[in-house]
Amino acid sequence: MNRLIYIIFFALMPGMIYAQQAKYVFYFIGDGMGINQVNGTEMYLAEREGNIGVKPLLFTTFPAAGFATTFSVTNSVTDSSAAGTALSTGEKTYNGAVGMNQDKNIVETIAEKAKKRGRKVGIATSVSIDHATPAAFYAHQLDRGMYYEIALDLPKANFDFYAGGGFLRPTMTVDKKDAPNIFPIIEKAGYTIAKGLDEYKVKAANANKIVLIQQEGANSSCLPYAIDRKEGDLTLSEITKGAIDFLTKENNKGFFLMVEGGKIDWACHSNDLATAFEEIKDLDDAVRVAYEFYKKHPKETLIVVTADHETGGLGLGVAKYELQMKLITNQKQSQDLLSKAITDLRKKRSNKVSWEEIKRLLAKKMGFWEKIPLSWEQEKMLHNEYENSFVNNKIIFEESLYARTEPLAAVAKKVMNQIAMIGWTTAGHTAGYIPVFSIGAGSQLFMGKMDNTDIPKRIIQAAKYE
C-alpha cells in the first residue's frame with residue numbers, strides 16, 4: 001500500500017510543480033539581443049579571463065531554454081513597437097503600433113491583466129519610459145513616435161512603479177504643438193516623481209505610486225552605457241532593486257515587473273561590439289538582483305529573460321576560423337564617447353589636429369598601437385579618414401538610428417570589428433531567432449521553439465492572470 005502511494009505521489013509530482021502559480025513575475029527583455037549577442041558576450045567574458053569557450057551569464061544557466069520567432073504582421077523583420085506589443089499582449093501587429101492590434105484596436109497587455117488581478121505592476125527600462133518596448137506594456141497608440149500621447153497613457157494605466165531615463169517630449173504633441181507638461185499631469189494622478197536614486201530613497205517610503213527618472217540635468221533619453229558609466233549614474237540593477245522593494249511594500253498579492261535592457265539595441269544599431277557586450281552583461285547584473293529574490297521565494301517566482309528582436313546581424317567569425325574577443329577589452333568607451341572626444345578635439349584645435357594627436361587619442365580610447373598591433377591596411381584606413389576629415393575637411397558623419405558618429409570614430413569601430421574577427425550584416429534589425437531563458441514557477445512552459453506571442457501567453461498561464 002505504501003509503495004503504491006509513493007508511486008502515485010511521484011507520478012503526480014511533475015504536474016504539481018507545473019501547476020505552481022507564479023506570484024512574482026520578472027520579465028526581462030534585452031532589446032536587440034539575438035542568440036549571437038548572448039553567445040558572443042559569453043565568449044568575450046571567457047577570453048577576457050584568458051580562456052577559449054564561454055563564461056556563462058547567469059540567465060543562460062537557467063534550467064529552461066528555448067528560442068522564438070519575431071516577425072510582425074507587416075514584415076518578416078519587426079520593429080521594436082510591434083515586437084514589444086507581441087511580447088506584452090500575445091498578438092501580432094503592424095510595425096509602429098503600441099498596444100494596438102493590426103486592426104488598430106486596443107489590446108489588453110499582460111501588465112494590465114496582472115493589475116486587474118490585484119498584483120502590483122512595475123515597468124522599467126534603461127532608455128526613456130515612453131520608448132517603444134516599455135510603452136507597449138502600458139500605452140495604446142497608433143504609432144511609437146507619439147511620445148507625448150504615450151506619456152499621457154502612463155497614469156491611465158495606474159501601474160505602481162515606472163523607471164527609466166525620462167521622457168522624450170514632455171511638452172510637445174506628435175504634430176509638434178505645445179502641450180501641458182507631462183510631469184504635473186502624472187503627479188496629479190497620484191504619482192511621486194523621483195529624480196535620481198538618492199531622491200528615490202527619500203521619497204519611496206511614503207509614495208503610493210512612483211516614477212523614477214535620472215537626476216536633474218541628465219540625459220532624459222537613456223541611462224549611460226555601462227562601458228561609459230561614472231560613479232553616481234543610475235543603473236538598471238539599482239532600478240530593479242528599487243522596483244522589488246517598492247512592489248513588495250505592504251503587498252501580499254505579488255507583482256509583475258518588466259525590465260528592459262534597451263541600449264543593447266542602440267549599441268548593435270551602431271555595430272559597437274564591446275559596448276553591446278557590456279550592455280548584455282549589465283542586463284545580466286539586473287537579472288542577478290531578481291535571482292536573489294527568487295532564491296528567497298523559489299516556489300512562487302518566475303523569471304523570464306528574452307528579447308524583442310535581433311539587431312545588426314551579428315556574425316561571430318569572418319573568413320578565418322578564429323576570434324580575437326580578448327582584444328576588444330582594450331576599448332574603454334562607447335563609440336558615442338569616442339566620437340564626442342574627436343569632435344571636442346576638432347573644436348579645441350579649430351580642426352588643425354595632427355595625426356600624432358589622433359593616434360594618441362585612439363591609443364587611449366581603443367588601445368590601438370600600444371596594446372593592439374594594427375596591420376598596414378588598418379592603419380591606412382584610419383589615416384585616410386584622418387586626411388579626409390581633418391586635412392581636406394570632408395566631414396561626413398555616419399548616421400545610425402540612435403547615433404551620429406564622427407567619420408574617424410566610425411572607421412575606428414570598423415577596425416576594432418576586424419581585429420575581433422566579427423561581422424555585421426546591417427545597422428538595422430534582422431529576423432534572427434531570439435533566446436528565451438527561464439527559471440521558477442511555470443518555467444517548464446518556456447522550452448523549445450515558440451513565437452514571441454507565445455511568451456506572454458505562457459506567463460499568463462504560469463501566473464494565472466486569466
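Before any of the text, the structure's been laid out above.
Residues numbered from 1 in each chain as written. Predicted model: local features only at pLDDT ≥ 70, side-chain atom pairs only at ≥ 80, totals over all residues. Heavy atoms only, no water.

Caption draft 1: Highlighting the overall build of the protein. Of the regular secondary structure elements, the protein holds 16 helices and 16 strands. For 466 residues, the compact-globule estimate of 2.2 N^0.38 gives 23 Å, and the protein sits close to it at 23 Å. C-alpha atoms of the protein, sized along the principal axes, occupy 85 × 60 × 45 Å. Out of the 466 residues in the protein, the part that is buried amounts to 59%. Looking at the protein alone, contacts between residues at least 24 apart form 74% of all its contacts between residues at least 6 apart. Carbon and sulfur atoms form 53% of the exposed surface of the protein, whose accessible area is close to 19700 Å². Put simply, the protein has 56 plus and 54 minus side-chain charges, and the middle of one group is 3 Å from the middle of the other. (Helix = DSSP H or I, 4+ residues; strand = E, 2+ residues; numbered from the N terminus. Rg over C-alpha atoms; globule rule 2.2 N^0.38 Å. Buried < 20%, exposed > 50% of the residue type's maximum accessible area, 1.4 Å probe, protein only. Contact = heavy atoms within 4.5 Å. Areas by Shrake-Rupley, 256 points an atom, 1.4 Å probe, with all protein chains shown as cover. Lys, Arg positive; Asp, Glu negative; His and termini not counted. Charge placed at Lys NZ, Arg CZ, Asp CG, Glu CD.)

Caption draft 2: Looking closely at helix α12 (residues 335-348). Along its 14 residues, α12 runs 20 Å from first to last C-alpha, staying within 8% of the 20 Å computed at 1.5 Å per residue. Taken together, the buried residues of α12 touch α11 (273-296), α13 (355-366), α14 (376-391), β11 (398-400), β12 (403-405) and α15 (407-420). Backbone geometry just after α12 places Ser350 at a positive phi near 55°. (Expected span 1.5 Å × (residues − 1).)

Caption draft 3: Summary view of unusual backbone geometry. For Asn158, which is not a glycine, the phi torsion comes out positive at approximately 65°. Of note, Asn158 is situated in the loop between α6 (147-157) and β4 (161-163). Under the relative-accessibility criterion, Asn158 is labelled partly exposed at 33%. Not every positive phi belongs to a glycine, and Trp369 is a case in point at roughly 70°.

Caption draft 4: Spatial organisation of the pattern of salt bridges. According to the stated counting rule, one finds 25 salt bridges in the structure shown. Close ionic contact of Lys195 with Glu216 constitutes a salt bridge, the shortest N to O distance being 2.9 Å. Taken together, the residues span a long stretch of sequence, with Lys195 in strand β5 (residues 191-195) and Glu216 in the loop between β6 (209-213) and α9 (236-247) at a distance of 21 residues. Given a relative accessible area of 63%, Glu216 falls into the exposed group. Several salt bridges share partner residues, and in doing so they unite Glu108, Lys113, Lys116 and Glu466 into one network. (Salt bridge = Lys/Arg side-chain N within 4 Å of Asp/Glu carboxyl O.)

Caption draft 5: The nonpolar core, seen in detail. Judged by nonpolar contacts, the single largest core of 136 residues is most densely connected at Tyr138, Phe256 and Phe368. Ranked by residues supplied to this core, first place goes to α11 with 12 residues. Among residues more than four places away in sequence, those in contact with Tyr138 are Glu112, Ile123, Ile129, Asp130, Ile150, Asp153, Leu154, Ala157, Phe159 and Tyr162. (Core = buried A, V, L, I, M, F, W, Y, C linked by side-chain atoms within 4.5 Å.)

Caption draft 6: Representation of the packing of α13 against α14 within the structure. Relative to each other, α13 and α14 sit at 125°, their axes nearing to 11 Å. Put simply, α13 runs oblique to α14. Judged by the twist between their axes, the crossing of α13 over α14 is right-handed. Where α13 abuts α14, its residues Trp355, Ile358, Lys359 and Leu362 lie against Glu379, Leu382, His383, Tyr386 and Phe390. (Axes fitted to C-alpha atoms, helices over the stretch in contact; angles between N-to-C directions. Parallel < 35°, antiparallel > 145°, perpendicular 65-115°, else oblique. Left-handed = near helix turned anticlockwise from the far one by under 90°.)

Caption draft 7: Broad picture of the packing of helix α2 (residues 35-48) against α11. Packing of α2 against α11 brings their axes to within 9 Å, and their N-to-C directions diverge by 95°. Classified by the interaxial angle, the pair formed by α2 and α11 is roughly perpendicular. Residues Gln37, Val38, Gly40, Thr41, Tyr44, Leu45 and Arg48 of α2 lie in contact with α11, whose contacting residues are Phe277, Glu278, Ile280 and Lys281. Across the contact of α2 with α11, the residue classes tally to five nonpolar, three polar and three charged. (Nonpolar A, V, L, I, M, F, W, Y, C, P; charged D, E, K, R; others polar.)

Caption draft 8: Region of the structure containing the packing of aromatic side chains. In the structure shown here, the tally under the stated rule is 26 aromatic pairs. An angle of 20° between the planes, with centres 6.0 Å apart, marks the rings of Phe159 and Tyr162 as stacked. Tyr162 carries the same exposure label as Phe159, and that label is buried. With a centroid separation of 6.1 Å and 85° between ring planes, the pair formed by Phe368 and Trp369 is classed as edge-to-face. (Phe/Tyr/Trp six-rings, centres within 6.5 Å; stacked < 30°, edge-to-face > 60°.)

Caption draft 9: Quick look at the state of the cysteines. Under the defined criterion, the tally for this structure stands at zero disulfides. With no disulfide of its own, Cys268 has Cys222 as its nearest cysteine by sulfur position, at a separation of 15 Å. (Disulfide = S-S within 2.5 Å.)

Caption draft 10: Expanded view of the pairing of strand β1 (residues 24-30). Most of β1 is tucked away, with seven of its seven residues classed as buried. Side chains Tyr24, Phe26, Phe28 and Gly30 of β1 all project onto a buried face; the interleaved residues Val25, Tyr27 and Ile29 project onto the opposite face, where all are buried too. One ladder, built from seven bridges, connects β1 with strand β8 (residues 301-307); its direction is parallel. Residue Ile29 lies in a different strand from β8, and its bridge partner there is Thr306. One ladder, built from seven bridges, connects β1 with strand β7 (residues 255-261); its direction is parallel. Bridge assignment links Gly30 to a residue of β7, and that residue is Gly261. (Pairing = 2+ DSSP bridges.)

Caption draft 11: Region of interest: the side chain of Ser81. Tracing the backbone through its elements, the reader meets Ser81 in helix α3 (residues 80-89). Leave out the neighbours within four places in its chain, and Ser81 touches Asn95, Gly96, Ala97, Val98, Ala132 and Arg144.

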